[in-house]
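An overview of the molecular structure
Each chain, written out:
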Amino acid sequence: MYAELKATDTDARGGEPALHRERCIGVTTSGAFGHRVKKSLLFACVEPQFATPGSMFDVLVQSDRREATVLAHSAYDPENLRMRT
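Below you will find a few notes about this structure. All of these numbers come straight from a predicted model, not from anything done at the bench. (Residues numbered from 1 in each chain as written. Predicted model: local features only at pLDDT ≥ 70, side-chain atom pairs only at ≥ 80, totals over all residues. Heavy atoms only, no water.)

1. Thoughts on unusual backbone geometry
One non-glycine residue with positive phi stands out, namely lysine 38, at about 60°. When you line up the elements, lysine 38 lands in the loop between β3 (23-34) and β4 (39-46). Residue lysine 38 is classed as exposed on the basis of its relative accessible area of 60%. In the Ramachandran plot, serine 63 falls in the positive-phi region, its phi being about 70° despite a non-glycine side chain. (Helix = DSSP H or I, 4+ residues; strand = E, 2+ residues; numbered from the N terminus. Buried < 20%, exposed > 50% of the residue type's maximum accessible area, 1.4 Å probe, protein only.)

2. Describing the sheet that holds strand β6 (residues 64-70)
Reading around the circumference, β1-β4-β3-β2-β5-β6 is the order of the six strands in this closed barrel, with antiparallel pairing throughout. On average, each strand axis in the sheet is inclined to that of its neighbour by 45°, with strand direction left out of account. Judged from the eight bridges that link them, β3 and β4 form a sheet pairing that is antiparallel. Following the sheet pairing, valine 27 is matched in β4 by cysteine 45. (Pairing = 2+ DSSP bridges. Axes fitted to C-alpha atoms, helices over the stretch in contact; angles between N-to-C directions.)

3. So, the pairing of strand β5 (residues 56-61)
With burial as the criterion, only one face of β5 is covered, namely that bearing Phe57, Val59 and Val61; the residues Met56, Asp58 and Leu60 on the opposite face remain uncovered. In this sheet, β5 lies alongside strand β2 (residues 17-20) in antiparallel orientation, the contact comprising two bridges. Bridge pairing links alanine 18 to valine 59 in β5. The pairing of β5 with β6 spans six bridges and is classified as antiparallel. Its bridge partner lying in β6, phenylalanine 57 is registered against alanine 68.

4. Overview of the side chain of threonine 28
For threonine 28, the position within the fold is in strand β3. The class for threonine 28 is buried, based on a relative accessible area of 3%. At 2.5 Å, the side chain of threonine 28 and the side chain of glutamate 16 are in polar contact. With residues near it in sequence (within four places) discarded, threonine 28 still touches Gly14, Gly15, Glu16, Leu42, Phe43, Ala44 and Val59. (Polar contact = N/O pair within 3.5 Å; in protein donor to acceptor, adjacent residues only side chain to side chain. Contact = heavy atoms within 4.5 Å.)

5. Quick word on the pairing of β6
Bridge count between strand β1 (residues 2-5) and β6: three bridges; the pairing is antiparallel. By the bridge assignment, glutamate 4 is partnered in β6 with threonine 69. Here β5 hands over to β6 after two residues, with glutamine 62 in that stretch at a positive phi of 50°.

Pasting the structure below:
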């Protein structure tokens, strides 16, 4: 699933644990700062109940817990109007 991370100075890179309270519910697969949308974004594999849009969990980024929110659509071009041919 695709999520936005509340990050200040460091983004997820992949391999960070996804946490709900003190329980590990998954792991990030990749992440980076989205320069067009000015947000920290990530992909993660999490338990199904945490993969629905609007779900929230924490990601452990460099020993800091950061809140992540699952997005329903892509942060950039959610209607896929700029699709390449």
